[in-house]
Amino acid sequence: MLVLTRKINEEIFIGSDITIKVVSSSEGLVKIGINAPRNVQIYRKEVYDRVKQKTIEASKASIQTVVDLQNYKIKKL
């Protein structure tokens, strides 16, 4: 992990198209601004973890549905 010290209004560049700027700092909180292309998804960790968990749950449910359908037999009339 790279750890940097920045002052308010100082920036960090990631590649040539992502910029992170320290906007303000007070009472132990730091506000940052991120400038990135629209196709770059940016999430807070707690939101990312929630989305990831919901995706795993949905995947497991769809696998169970496939298994259930494979065990279902259609009777011919």
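Coordinates for the structure precede this section.
This text gives an overview of the structure that appears in the document. Fair warning: this is a prediction, and the values are worked out from it, not measured in the lab.

For the rest of this paragraph, the subject is a nonpolar patch on the surface. There is a patch of nonpolar side chains on the surface, built from Val30, Ile32, Ile34, Val40 and Ile42 and spanning about 410 Å² of accessible area. Mapped onto the fold, isoleucine 34 is located in strand E3 (residues 29-35). For isoleucine 34, a relative accessible area of 39% gives the class partly exposed.

What the three strands build is an open sheet, ordered E1-E2-E3; its pairing is antiparallel. Each edge of the sheet is formed by a strand with only one pairing partner; in this case those strands are strand E1 (11-14) and E3. The sheet shows a mean angle of 25° between the axes of neighbouring strands, direction not considered. One ladder, built from four bridges, connects E1 with strand E2 (residues 18-26); its direction is antiparallel. Along E2, the bridge assignment pairs phenylalanine 13 with threonine 19.

Conventions adopted
Residues numbered from 1 in each chain as written. Predicted model: local features only at pLDDT ≥ 70, side-chain atom pairs only at ≥ 80, totals over all residues. Heavy atoms only, no water. Patch = residues over 30% accessible without salt bridge, like charges linked within 9 Å, V, L, I, M, F, W, Y side chains within 5 Å. Areas by Shrake-Rupley, 256 points an atom, 1.4 Å probe, with all protein chains shown as cover. Salt bridge = Lys/Arg side-chain N within 4 Å of Asp/Glu carboxyl O. Helix = DSSP H or I, 4+ residues; strand = E, 2+ residues; numbered from the N terminus. Buried < 20%, exposed > 50% of the residue type's maximum accessible area, 1.4 Å probe, protein only. Pairing = 2+ DSSP bridges. Axes fitted to C-alpha atoms, helices over the stretch in contact; angles between N-to-C directions.

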